[in-house]
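# Understanding the architecture of this molecule
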Amino acid sequence: MSRLIRAISENGGVLFCAVDSTDIVREAERIHKTSAVTSAALGRLLTAASMMGAMLKSEKDSLTLRIKGGGPSGTVLAVSDGAGNVRGYVEQPVVELPPRADGKLDVGGAVGRDGTLSVVKDLGMKEPYVGQVPLVSGEIAEDITAYYAVSEQTPTVCALGVLVDRDLSILTAGGYLLQLLPGASDAEITHLEQNVAALPSVTELLRSGASLEQIMEQALAGFAPNVLDEQQVRYQCDCSQARVERALLSLGRDELAEMAAEGKPVEVSCHFCDKKYYVDAGALLGETKG
């Protein structure tokens, strides 16, 4: 199971959230059988969604991140509940691209850079909050940072990383979010920027055995941070037979009748966990009469 912590600086001016999402990304790779670069893309988005979900006010809230960048991986989507548990999928799970010039996986090339990042927050109101920003790089962390700057006017640093082994297994994955609250002084901003610039990559830190608390201490050096809470987070799908039947009912009687006429159960696969459900369309059609 993966672990997430939230913290705040002693003066209350800086929020920090970090997650070791290795087990989450391993489960996503197992389910979706992703190639190296799509494991990195989906893993980064799941990691970001987990932290952003955990920062919502209620565990009943939910958050959806959707990236459509025009790249060969197609749409990448991640959904988190208010406790940081996530699920997601990538439209084209197998994409093969040469590495970037620096030797790293070309996530931006797989995702594409000509499109948008959409953020949907369902906070239990009549209408969900929807924010959308143009992609900056398709590398995901920079795009999350841009979303916070444009849509929420919150200065944010986002770091995300997924380290994929040669056999496509996930060695480590994680990320952190740093947010400046209103009233931060120029000196504090400069100090924080220097801290972040001096930090190794998230995957280097986790690979070397650094704990989330140690990453926090480095990122917030000089700010005397205090951990607010910690929690276990996981890859978790909430699909069910009842949900599948409701989805089929929403298609309307005509389409259900066409399915029933085929005389065999309708097979529906969950995008998020690949579980298969079988529905008797005729029986479902009978339930809608009267």
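What you see is a predicted model; the values in this text were computed from it and never measured. Along every chain, residues carry numbers that run from 1 in the direction the sequence is written. Reporting in this predicted model follows two pLDDT cut-offs: at least 70 for local features of residues, and 80 or more for side-chain atom pairs to be given and counted; totals over whole chains, interfaces and linings ignore these cut-offs and use all residues. Excluding hydrogens and water, the side-chain values take into account all heavy atoms of the structure.

This brings us to the overall build of the protein. Broken down by element type, the protein carries ten helices and twelve strands. Our radius of gyration looks at C-alpha atoms and nothing else; its globule reference is 2.2 Å times the residue count to the power 0.38. Computed over C-alpha atoms, the radius of gyration of the protein comes to 21 Å, within 12% of the 19 Å expected from 2.2 N^0.38 for 290 residues, which places it in the range of a compact globule. With respect to the principal axes defined by its C-alpha atoms, the protein has extents near 70 × 45 × 35 Å. Using a 1.4 Å probe on the protein chains alone, a residue whose accessible area is under 20% of its type maximum counts as buried, one over 50% counts as exposed, and one in between counts as partly exposed. A buried classification covers 47% of the 290 residues belonging to the protein. Should any heavy atoms of two residues lie within 4.5 Å, those residues are counted as being in contact. Sequence-distant contacts in the protein: of pairs separated by 6 or more residues, those separated by 24 or more amount to 64%. Under the convention used here, a 1.4 Å probe and the Shrake-Rupley method define accessible areas, while residue burial counts only the protein chains that appear. Entry remark: accessible area of the protein is about 14100 Å², with carbon and sulfur atoms responsible for 50%. Counting rule for charge: Lys and Arg are taken as positive, Asp and Glu as negative, and neither His nor the chain ends is counted. In plain terms, the charge of a residue is placed at NZ if it is Lys, CZ if Arg, CG if Asp and CD if Glu. Counting 26 positive and 39 negative side-chain charges, the protein places the centres of these two groups 5 Å from one another. Labels follow the DSSP assignment, with helices taken as runs of H or I lasting at least four residues and strands as runs of E lasting at least two, numbered in each case from the N terminus.

What follows deals with the pattern of salt bridges. A side-chain nitrogen of Lys or Arg and a carboxyl oxygen of Asp or Glu constitute a salt bridge if their distance falls within 4 Å. Applying the stated criterion across every chain, the model contains twelve salt bridges. The partner of Asp102 in a salt bridge is Arg100, with the nearest N and O atoms 2.5 Å apart. The partly exposed category is assigned to Asp102, whose relative accessible area is 47%. It is possible to trace a salt-bridge network through shared partners that takes in Arg44, Arg100, Asp102 and Glu139.

Here helix 1 (residues 22-32) crosses helix 2 (residues 36-54) at 135°, and the two axes come no closer than 10 Å. In terms of axis orientation, helix 1 runs oblique to helix 2. The handedness of the crossing between helix 1 and helix 2 comes out as right-handed. Between helix 1, through Ile24, Val25, Ala28, Glu29 and His32, and helix 2, the contact on the second element is made entirely by Ser39, Leu42, Gly43, Leu46 and Thr47. Polarity classes work like this: nonpolar for Ala, Val, Leu, Ile, Met, Phe, Trp, Tyr, Cys and Pro, charged for Asp, Glu, Lys and Arg, and polar for all others, with Gly in that last group. The residue makeup of the contact of helix 1 with helix 2, split by class, is five nonpolar, four polar and one charged. Between N-to-C directions, angles cover 0 to 180 degrees, with each direction set by a line fitted to C-alpha atoms, over the stretch in contact for helices. Should an angle fall under 35 degrees it is taken as roughly parallel, and over 145 as roughly antiparallel, whereas 65 to 115 is taken as roughly perpendicular and any remaining angle as oblique. Crossings are sorted by hand: turned counterclockwise from the far helix by less than a right angle, the near helix makes the crossing left-handed, and turned clockwise it makes it right-handed.

A few words on the sheet that holds strand 7 (residues 129-134). Spatial ordering of the open sheet is given by 5-4-3-6-7, a layout of five strands whose pairing is antiparallel. Each end of this open sheet is capped by a strand with a single partner; those strands are strand 5 (86-90) and strand 7. Going across the sheet, the axis of each strand differs from the next one's by a mean of 10°, ignoring polarity. Packed onto the sheet, helix 2 meets strand 3 (62-68), strand 4 (76-81), strand 5 and strand 6 (116-122) and runs at close to 30° relative to strand 4. Each of strand 3, strand 6 and strand 7 touches helix 4 (residues 141-151); the most contacted strand, strand 7, lies at about 120° to it. Any two strands with at least two DSSP bridges between them are considered paired.

Turning our eyes to something else, we now look at the sheet that holds strand 9 (residues 170-180). With respect to topology, five strands assemble into an open sheet ordered 8-9-2-1-10, the strand pairing being antiparallel. Lying at the two open borders of the sheet, with one neighbouring strand each, are strand 8 (156-164) and strand 10 (226-233). Between one strand axis and the next, the sheet turns through 10° on average, direction left out of account. Two strands pair when backbone bridges link them, and strand 8 and strand 9 are joined in this way by nine bridges, in the antiparallel orientation. The residue of strand 9 that forms the bridge with Val157 is Leu178. Of the strands in this sheet, strand 1 (2-8), strand 2 (14-20), strand 8, strand 9 and strand 10 touch helix 1, which is tilted by about 125° from strand 9. The sheet strands contacting helix 5 (residues 186-198) are strand 2, strand 8 and strand 9, and the helix crosses strand 9 at an angle near 170°.

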